[in-house]
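A closer look at the structure
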Amino acid sequence: MDRLTQAIKDHARQAGADLVGIADIARFKDVAPEHNPLSIMPEARSVVVIGRRITRGTLRGVEEGTQMSQYGMYGYDWLDNRFVAITTFRTAEFIEDHRWEAVPLAPLPPQIPPSGIPVRPGSPAPNVMIDLEDAAVRAGLGEIGYCGVFLSPRFGPRQRFQAILTDAELEPDPILAEAICQRCLEPEKLCPLGAIRGDQETTLEICGRKMVVAGIDYGICRTCKNGARPNAYHQAAPPDRLGALCTRTCISQLERAGRLENTFEHPFRKRAPWAAVVKWEYREGELDI
Ligand code: SF4
């Protein structure tokens, strides 16, 4: 690895990053201008994607059904807007200390519609929004799992991302080759409300990596009382599902299958999960999740 790339990764980790991946800009050539980093920074040569974990304990109160607010702070608002933001900004400062421009990108969802008009012919309307989970796949950090949530080999679904565009030519990381998601459960075992639709599967292809993703009925997820939260940035974006029953079941399954690097002394799921509004009921011992 070249010295600048190594130094940037080391600095990001010292600033709190759990995950750092780099994509060269050529990996975004199939991305529409409305979501393409080159629309924001035409001279960009690299995209540095930075992730920090949602600690497993942050989900404990949600899993037990007794404390939902702590996840909203440590797992969502503060994690995005304080912890990952500071790590990203410190890394951007480091890149600029080495004479390369660094554009920090907050996790604004790509579903946010344009709020202006193009400033010149051929330009997309502002604001261009980058899909950071898509960028994390392009930076080699993981994949999009069957439930439509990003998975890393280290944490499964437990992380949040920000990114930096830079004109520095950095050494890219390889695209993750081995699948994390094993499609271990039927959709109805993942979502008691029927929002995960196996009959609406699509195959995503990002940088040659193919991923089968179920259809997700976000209209149902917006009504979900099982740990989902409204999107913190825009109502047009999907709700946050990282604390929801579907994602917590995914965490439990990946841990039990030994597919995650971040391991624990005790399993995540210790008793039958609660469900606030169900089409079918979990009964102790009936469902092995
Ligand atoms: S967020 Fe709720 S409704 Fe949506 S898939 Fe997950 S458990 Fe089902």
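Structural data are supplied above this passage.
The shown structure was predicted, so the numbers you read here are calculated from the model rather than taken from an experiment.

For the rest of this paragraph, the subject is the packing of aromatic side chains. Within the structure shown, the criterion is met by 3 aromatic pairs. Aromatic pair Tyr-74 and Trp-78: ring centres 5.0 Å apart, planes at 75 degrees, arrangement edge-to-face. With Tyr-74 and Trp-78 both in helix α4 (residues 69-97), this residue pair falls 4 residues apart, about one helical turn. Under the relative-accessibility criterion, Tyr-74 is labelled partly exposed at 41%. Aromatic side chains Phe-150 and Phe-161 sit 4.9 Å apart centroid to centroid with 85 degrees between the ring planes, which places their arrangement in the edge-to-face category. Taken together, the residues Phe-150 in strand β5 (residues 150-151) and Phe-161 in strand β6 (residues 159-166) connect sequence positions 11 residues apart. For Phe-161, a relative accessible area of 5% translates into the label buried. Note that Arg-56 overlies the ring of Phe-264, its terminal NZ or CZ placed 3.9 Å from the centroid. Its end group placed over the ring of Phe-28, Arg-138 keeps NZ or CZ at 5.4 Å from the ring centre.

By the element assignment, Arg-209 lies in strand β8 (residues 209-216). Those residues in contact with Arg-209, other than ones at most four positions away along the chain, are Glu-143, Ile-175, Leu-176, Ala-177, Glu-178, Ala-179 and Leu-204.

Across the sheet, 4 strands lie side by side as β1-β2-β6-β3; this open sheet has antiparallel pairing. Lying at the two open borders of the sheet, with one neighbouring strand each, are β1 (19-24) and β3 (102-105). Neighbour-to-neighbour, the strand axes of this sheet turn through a mean angle of 20 degrees, independent of strand direction. Pairing geometry for β3 and β6, over 4 bridges, is antiparallel. Residue pairing for β6: Leu-105 is matched across the bridge by Ala-163. Contacts from α4 reach β2 (46-53), β3 and β6, with the element oriented near 25 degrees to β6.

Turning our attention to helix α1 (residues 3-14). In this model α1 runs 16 Å from its N-terminal to its C-terminal C-alpha over 12 residues, within 8% of the 16 Å that 1.5 Å per residue would give. Of all the positions in α1, only Thr-5, Ile-8, Lys-9 and Ala-12 are classed as buried. Across the axial projection of α1, the buried residues extend over an arc of 95 degrees, all falling on one side. Looking at α1, the residues exposed on the side facing more than 90 degrees away from the buried face are Arg-3 and Gln-14.

Taken together, Cys-191, Leu-193, Ala-195, Ile-196, Cys-221, Cys-224, Ala-228, Arg-241, Ala-244 and Cys-246 make up the full set of residues near the ligand. Taken together, the residues that form the shell around the ligand break down as 9 nonpolar, no polar and 1 charged.

Inside soluble globular proteins, nonpolar side chains tend to come together where they are buried. Counting residues in each nonpolar core, the largest one holds 28 residues, and the members touching the most others are Phe-28, Val-47, Val-49, Leu-141, Phe-150, Phe-161 and Leu-165. Those elements that place two or more of their residues in this core are β1, β2, β3, α5 (132-138), β6 and β8. Examining the composition of this core, we find that 4 residues originate from one element, α5, more than from any other. Formed jointly, this core draws a minimum of three residues from each of two domains, domain 1 (3-166) and domain 2 (187-256). Discounting residues that sit within four places of it in the chain, Val-49 has contacts with Leu-19, Val-20, Gly-21, Ala-135, Ala-136, Ala-139, Leu-141, Phe-161, Gln-162 and Ala-163. Residues Leu-193, Ile-196, Cys-224 and Ala-228 belong to the second largest nonpolar core, which totals 15 residues.

Thresholds applied
Residues numbered from 1 in each chain as written. Predicted model: local features only at pLDDT ≥ 70, side-chain atom pairs only at ≥ 80, totals over all residues. Heavy atoms only, no water. Phe/Tyr/Trp six-rings, centres within 6.5 Å; stacked < 30°, edge-to-face > 60°. Helix = DSSP H or I, 4+ residues; strand = E, 2+ residues; numbered from the N terminus. Buried < 20%, exposed > 50% of the residue type's maximum accessible area, 1.4 Å probe, protein only. Lys NZ or Arg CZ within 6 Å of the ring centre and 35° of its normal. Contact = heavy atoms within 4.5 Å. Pairing = 2+ DSSP bridges. Axes fitted to C-alpha atoms, helices over the stretch in contact; angles between N-to-C directions. Expected span 1.5 Å × (residues − 1). Arc of directions from axis to C-beta. Near = heavy atom within 4 Å. Nonpolar A, V, L, I, M, F, W, Y, C, P; charged D, E, K, R; others polar. Core = buried A, V, L, I, M, F, W, Y, C linked by side-chain atoms within 4.5 Å. Domains from an automatic or database assignment.

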